[in-house]
Amino acid sequence: MQQIVNFIIRNKTFLLFLLLFSISLTFTIQTHSYHKSKFINSANFLTGGIYNSVNDISTYIDLKTQNELLTEENNRLKSLLYNSSEKNDSIQLDSSLLNSPYHFETANVIRNNYSSSKNVLLLNKGSKDSIKEDFGVITTKGIVGIIDNTSKNYSTIISILNTTSKISAQLKKTNHYGSLTWNGKSPYFAQLIDIPKIAPVKIGDTIVTSGISSIFPKGIPIGTVHDFKLDITRNYYEINIKLFNDMTNIEHVYIIENKDVLEITNLLKNGSNE
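Predicted model only: the values in this text are computed from it and were never measured.

Moving on, we come to the sheet that holds strand 5 (residues 155–162). Read around the barrel, 6 strands follow the order 1-2-5-4-3-12 and close on themselves; strand pairing throughout is antiparallel. Taking each pair of neighbouring strands and ignoring which way they run, the sheet shows an average axis angle of 45 degrees. Note: strand 4 (residues 143–150) against strand 5, 5 bridges, orientation antiparallel. From the neighbouring strand, Gly-145 faces strand 5, where its bridge partner is Ser-159.

This part is about the confidence of the model for the protein chain. In the predicted model, the protein chain carries a mean pLDDT of 80, and 70% of its residues have values of at least 70. Mean pLDDT across the secondary structure elements of the protein chain bottoms out at helix 5 (residues 87–98), with 40, and peaks at strand 5, with 96. In this model, residues 81–98 is a region of pLDDT below 50 whose contacts with residues beyond four sequence positions or in other chains number 1 contact.

Even without glycine at this site, Asp-134 takes up a positive phi of about 70 degrees. If you trace the backbone, Asp-134 turns up in the loop between strand 2 (118–123) and strand 3 (136–138). With a phi close to 70 degrees, Asn-175 is a non-glycine residue in the positive phi region.

Next up on the list: the pairing of strand 1 (residues 102–112). Where strand 1 and strand 12 (residues 252–258) come together, 7 bridges link them in antiparallel fashion. When the sheet's bridge partners are listed, Ala-107 is paired in strand 12 with Val-253. Across 3 bridges, strand 1 lies against strand 2 in antiparallel orientation. Note on strand 2: the bridge partner recorded for Asn-112 is Leu-121.

Strand-to-strand pairing in sheets goes through backbone hydrogen bonds, with the strands running parallel or antiparallel. Taken in spatial order, the 6 strands of this closed barrel run 6-7-8-11-10-9, and their pairing is antiparallel. Averaged over all adjacent pairs, the angle separating strand axes in this sheet is 40 degrees, with direction ignored. With 8 bridges connecting them, strand 10 (residues 221–231) and strand 11 (residues 236–243) associate as antiparallel partners. Along strand 11, the bridge assignment pairs Thr-224 with Lys-242.

A regular strand places its side chains on the two faces of the sheet in alternate fashion. Across the 8 residues that make up strand 5, a large majority, 7, are buried. Strand direction decides the pairing type here: strand 2 and strand 5, joined by 5 bridges, are antiparallel. Bridge pairing in strand 5 links Lys-118 to Asn-162. Between strand 4 and strand 5, which follow one another and run antiparallel, lie 4 residues.

Thresholds applied
Residues numbered from 1 in each chain as written. Predicted model: local features only at pLDDT ≥ 70, side-chain atom pairs only at ≥ 80, totals over all residues. Heavy atoms only, no water. Pairing = 2+ DSSP bridges. Helix = DSSP H or I, 4+ residues; strand = E, 2+ residues; numbered from the N terminus. Axes fitted to C-alpha atoms, helices over the stretch in contact; angles between N-to-C directions. pLDDT = per-residue confidence, 0-100. Contact = heavy atoms within 4.5 Å. Buried < 20%, exposed > 50% of the residue type's maximum accessible area, 1.4 Å probe, protein only.

As structure tokens, then:
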């Protein structure tokens, strides 16, 4: 203990300088958006490299599980392909995919938080891969979240397990839509709010993305109705959704880019100015 005290006394000038420098740097980053952006990008680069190395090890250990998931997806795609009623149908399907405004990019999750109230995931793709803010992120089973920030090689996702997340979703069978939120409790459940009283909600009903926003296409799976209650004061349902995705075990994802988003945004902006 005495040695620590002596060290502080001998180096008090330098330690004071470090303290003041740290305080000034913190204030600079917090009060200037440019510096804040550069700091976040640098932090993403440094932490991304560390988590990428850790992810390489965990990926090797988890190969069996991931191979099972890939096999499941291949089986699903083959089922869609071979259950086409005739060849003309498959040609039309291929044509519609080619003309789709949505572009898909694969990525790996190298860090996944699910135990806090504002969970964020880290991906191994960034601006050099043309990844930008507000791109949607899904897996073969369902929705994951929305890109929040990018650096050259990495990007972060605001998870659906984030109390600030709000995504348009609907009942698959009736098209009644509301907002997908999270109450900060279980990582296996999310909540669908603002579903009107007239909607015929049943336990087991499938919930999908509504397609109303420009981020996600319509029909991306989310989960099923686990239970629900009616808010009498507002005449809207509050629905508890059992998620299709196991959000505690996300590794391979698809990033969705809507190539028409700029056109849609400009059109809506011009319409609101009239």
